[in-house]
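If you want the building blocks of each chain, they are given just below.
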Amino acid sequence: MAKKTKIRAKEKNGVVTVKSLMSHPMETGLRKNAKTGKKIPAHYIQEVTAKAGDKTVMEAYWGGAISKNPYLSFQYKGSKGDNLTISWIDNQGKSDTVTAKVK
Amino acid sequence: MKRRTLLKTSLAASLLASTGMLIPGRVMAAYPKTAFQNADATAALTEVFGSSDYAESGDIKIKAPEIAENGAVVPIQVTSSMSDIESISIILSNNPTPFAASFNLHGSIGFVSTRFKMAGTSDVLAIVKAGGKLHATKQEVKVTIGGCGG
Amino acid sequence: MRKLVYAIVIGLVTSLTGPVATASTPSEDLAAFQQFYVDRFPDTQKEDFIDGIYSIDPVSKETFDSIEEFAPYEIDIEKGEEMYNKPFANGSGYADCFAEPGVRHLYPHFDSKSGSIVTLEGAINACRKAAGEKPLKYKKGSMTAITAYMAYESRGNVFDIKIPDDSRALDHYNRGKRHFYQKRGQLNLACADCHMNYSGNNVRADRLSPALGHLTHFPVYRAKWGGLGTPHRRFGGCNEQVRAKSFPAQGDEYKALEYFLTYMSNGLVANGPATRK
């Protein structure tokens with residue numbers, strides 16, 4: 001079963017703080033395989049989109065400099081019960097989408 | 001910190017830069033692919049924002065370790081209480097491709113936090129686009145060499 | 001006669017470092033071991049040694065706290081829980097081998113029937129073998145997902161490893177103790193040199209962690225590995241870092257070392273998985 005993005009989202013005083021953890025190798029494309037000497041192909045998340053309901057609240061653009069198994073936290077003005085969706089797409093076209101309710 | 005003024009050769013860009021105004025309104029519409037591949041931080045900024053001219057701001061706070069235990073995972077947080085924040089970008093000056101991340105903040109709350117790979121000791125430059133202009137602050141993070149083979 | 005002389009000479013040359021006398025009992029060793037660290041780091045509470053270097057280094061502790069707040073191994077814990085609960089092909093499962101997932105603090109232990117040391121990783125593969133499943137690799141991968149889940153469920157449980165009055169158990173214990181105190185490798189360093197006598201000192205920009213609490217927090221997510229690893233994965237790396245040949249994971253040498261070292265942390269609680277640099 002594929003590893004899924006984990007989301008924690010809490011609202012306080014009209015501000016929702018979102019913390020998320022994504023499972024991804026985030027290879028820069030610069031590393032070499034220690035055994036074969038060949039470069040490990042670049043494989044990293046390029047875009048992360050966060051939506052509250054239908055409204056986009058944040059877009060992140062990333063290069064390979066984000067750490068493996070990326071962590072992302074941001075805030076937006078919102079409410080308890082918001083349907084928060086976090087989607088990402090990587091340079092190889094793979095993607096993931098997870099939804100959670102704001103607590 | 002010096003005001004940095006590296007201009008692209010186009011006349012339009014130099015006019016905009018000299019009036020301190022950037023093209024207003026639009027947040028970054030699309031993934032700035034070439035900026036992420038650029039070895040030159042200033043050139044990358046110009047690609048993304050049309051200019052690399054920014055004003056030092058005391059209203060941007062970088063929370064990052066003074067000494068990064070391991071350059072593979074460096075937690076960096078940027079906050080700002082400026083109004084009309086469109087985006088926050090992070091540049092790691094000693095990385096092979098310094099333009100590291102950019103966040104479009106539609107909800108307008110100036111807060112982002114993530115974990116970065118840093119190739120070596122360098123300044124972390126946090127750039128906030130607010131009110132159509134670029135504002136920035138920087139902070140050094142030391143990346144150390146461990147004694148046990150890292 | 002000459003062989004005996006050689007043996008004695010070699011015995012003296014490879015003599016043990018560290019403050020522990022060779023003729024002491026395990027419980028005497030344990031008391032002396034823990035007292036050493038309590039004395040060396042007076043500002044650290046004994047129960048905090050489970051956090052390793054972060055219990056004695058406030059600068060790196062900030063980064064540690066920041067990462068632990070939403071730790072990269074959380075996804076592995078979920079994966080491990082799925083694996084733990086999924087039945088084997090023959091319908092049995094891990095629940096048939098382990099009373100509950102939260103048993104990390106019971107390993108490693110001496111098994112009088114086989115006369116050998118049983119580690120958690122060994123027990124997991126024994127469970128799989130009995131059900132006709134293929135074994136998992138011992139250093140990383142799926143094995144660490146399962147042990148991550150089990151360790152997480154074990155948090156807060158106190159380690160109370162037993163060394164029974166059985167010469168075989170004592171042999172394993174003494175073998176592990178010998179490994180810890182014996183100099184090895186091109187760098188000619190014993191575990192005790194860095195992690196006991198020089199613990200807290202700097203090796204370039206690294207502060208050397210105390211050995212007390214070393215085994216409480218496995219599997220460990222190392223930033224260097226970008227993933228989880230078992231105790232034997234780490235032992236192998238440590239041996240190689242002093243340019244000594246490493247031993248096979250789950251072989252008798254590392255099982256003995258794990259037995260000795262975990263016993264030395266008796267009284268501390270399980271706090272795995274955990275991040276380290």
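Definitions and cut-offs
- Counting restarts for each chain: residues are numbered from 1 in the order of the written sequence.
- Going through the entries in the order they are written, you letter the chains from A and number the ligands from 1.
- The predicted origin of the model limits local features to residues at a pLDDT of at least 70 and limits the giving and counting of side-chain atom pairs to 80 or more, whereas totals for whole chains, interfaces and linings rest on all residues.
- Numbering of helices and strands runs from the N terminus, with a helix taken as a DSSP run of H or I at least four residues long and a strand as a DSSP run of E at least two residues long.
- Residue burial is a threshold on neighbouring C-beta atoms within 10 Å of the residue's own C-beta, all placed from the backbone, with 20 or more meaning buried, 12 or fewer meaning exposed, and counts in between meaning partly exposed.
- Throughout, a residue-residue contact means that the two C-beta atoms, derived from backbone geometry, are no farther apart than 7 Å.
- Note that the radius of gyration is over C-alpha atoms, with the globule rule given as 2.2 Å times the number of residues to the power 0.38.
- The span you would expect from a helix comes to 1.5 Å times its residue count less one.
- One requirement defines pairing of two strands: DSSP has to find at least two bridges between them.
- The axes used here are C-alpha line fits, helices contributing only the stretch in contact, and every angle between their N-to-C directions lies in the interval 0 to 180 degrees.
- Here the bounds of each domain stem from an automatic or database domain assignment.
- To form a nonpolar core, buried Ala, Val, Leu, Ile, Met, Phe, Trp, Tyr and Cys residues must be joined through C-beta atoms within 7 Å.
- A residue's pLDDT is the predictor's confidence in that residue, given on a scale from 0 to 100.
- For classification, angles of less than 35 degrees are called roughly parallel, those exceeding 145 degrees roughly antiparallel, those between 65 and 115 degrees roughly perpendicular, and all remaining angles oblique.
- Each crossing is labelled by how the near helix is turned from the far one, with a counterclockwise turn of less than a right angle marking it left-handed and a clockwise turn marking it right-handed.
- Gly is placed with the polar residues, together with every amino acid not listed as nonpolar (Ala, Val, Leu, Ile, Met, Phe, Trp, Tyr, Cys and Pro) or charged (Asp, Glu, Lys and Arg).

(A) Geometry of the overall build of chain A. A count of helices and strands for chain A gives zero helices and seven strands. Its helices and strands in sequence order give chain A the pattern β-β-β-β-β-β-β, from N to C terminus. Burial statistics for chain A: of 103 residues in total, 43% are counted as buried. Once local pairs closer than 6 in sequence are excluded, the contacts in chain A between residues at least 24 apart make up 53%.

(B) Inspection of the overall build of chain C at higher detail. Looking only at helices and strands, one finds 10 helices and seven strands in chain C. Its C-alpha atoms give chain C a radius of gyration of 19 Å, near enough to 19 Å, the size a compact globule of 277 residues would have.

(C) The arrangement of helix α4 (residues 74–85) of chain C in detail. For α4(C), which comprises 12 residues, the first-to-last C-alpha distance of 17 Å matches the rise-based estimate of 16 Å (1.5 Å per residue) to within 8%. Buried-residue contacts for α4(C) involve α6 (142–153) and β6 (227–229) of chain C.

(D) Unusual backbone geometry, seen in detail. Residue and element names in this part refer to chain C. Residue Tyr107 is joined to Pro108 through a cis peptide bond whose omega torsion reads -5°. A cis amide bond, omega 0°, links Phe218 with the succeeding residue Pro219. In this structure, Pro219 sits in the loop between β4 (206–207) and β5 (220–222). Positive phi is not limited to glycine here, since Arg243 has a value of about 60°. Its place among the elements puts Arg243 in the loop between α9 (231–241) and α10 (252–264).

(E) View of the interface of chain B and chain A. Contact residues are listed per partner, giving 27 residues for chain B and 23 residues for chain A. Among the secondary structure elements, those contributing two or more residues to the side of chain B that touches chain A are β6 (99–105) and β7 (110–116) of chain B. Where strand β5 (residues 71–77) of chain A lies against β7(B), three bridges are found, and the strand directions are antiparallel. Opposite Leu72(A), over in β7(B), you have Thr114(B) as the bridge partner.

(F) Layout of the sheet that holds strand β2 (residues 60–63) of chain B. Read across the open sheet, the six strands follow the order β1(A)-β2(A)-β5(A)-β7(B)-β4(B)-β2(B); overall the sheet is antiparallel. Edge positions in the sheet fall to β1 (6–12) of chain A together with β2 of chain B, since each has one partner strand and no second. Each strand of the sheet is rotated relative to its neighbour by a mean of 15°, with strand direction disregarded. As paired elements, strand β4 (residues 74–80) of chain B and β7(B) share seven bridges and run antiparallel to each other. Looking at β7(B), one finds that Thr79(B) is bridged to Phe111(B).

(G) View of the domain arrangement of chain C. Residue and element names in this part refer to chain C. Each assigned domain of chain C is listed here: domain 1 (23–71 + 162–276) and domain 2 (74–153). Between domain 1 and domain 2, the C-alpha centre-to-centre distance is 22 Å. At the interface, 26 residues of domain 1 touch 22 residues of domain 2. Those elements that provide at least two residues to the side of domain 1 that touches domain 2 are α7 (167–181), β6, α9 and α10.

(H) Examining the environment of Lys46(C) more closely. Looking at where Lys46(C) falls in the secondary structure, it is placed in the loop between α2 (26–40) and α3 (58–68). Judged by the 16 C-beta atoms lying within 10 Å of it, Lys46(C) falls in the partly exposed class.

(I) Layout of the sheet that holds strand β7 (residues 274–276) of chain C. Residue and element names in this part refer to chain C. Strand order in the open sheet formed by three strands is β6-β5-β7, and the pairing between neighbours is mixed. In this open sheet, the two strands that pair with only one neighbour each are β6 and β7. Mean inter-strand twist for the sheet, computed between neighbouring axes without regard to direction, equals 40°. With three bridges connecting them, β5 and β7 associate as parallel partners. Note that in β7 the partner of Tyr221 across the bridge is Thr275.

(J) Just α9(C), in detail. All names here are of chain C. Those residues of α9 not exposed but buried are Pro231, His232, Arg233, Arg234, Phe235, Gly236 and Asn239. Buried residues belonging to α9 abut β5, β6 and α10. Looking at the residues trailing α9, positive phi occurs at Arg243, about 60°.

(K) Here's a closer look at the nonpolar core. Phe74(A), Ile90(B) and Ala126(B) are the most contacted members of the largest nonpolar core, which totals 74 residues. Here Ile90(B) is in contact with Ile76(B), Val78(B), Ala100(B), Ala101(B), Val124(B) and Ala126(B), once residues within four sequence places are set aside. Ranked by size, the runner-up nonpolar core spans 56 residues in total, among them Phe110(C), Ala145(C), Phe159(C) and Ala274(C).

(L) Geometry of the environment of Ser20(A). On the secondary structure map, Ser20(A) appears in strand β2 (residues 15–21). Discounting residues that sit within four places of it in the chain, Ser20(A) has contacts with Thr5(A), Lys6(A), Ile7(A), Leu72(A) and Ile86(A).

(M) A look at the confidence of the model for chain C. Mean pLDDT over chain C: 93, with 92% of residues reaching 70 or higher. Taken over the whole predicted complex, pTM reads 0.87, whereas the ipTM for its chain interfaces reads 0.94.

(N) Spatial organisation of the packing of helix α5 (residues 120–130) of chain C against α6(C). Residues and elements named next belong to chain C. Remark: α5 packs on α6, axes separated minimally by 11 Å, with the N-to-C direction vectors making an angle of 115°. Of the possible angle classes, the one that applies to α5 and α6 is roughly perpendicular. Handedness of the crossing formed by α5 with α6: right-handed. Contacts between α5 and α6 involve Leu120, Glu121 and Ile124 on the former and, on the latter, Met143, Ile146, Thr147 and Met150. In terms of residue class, the contact of α5 with α6 is built from five nonpolar, one polar and one charged.

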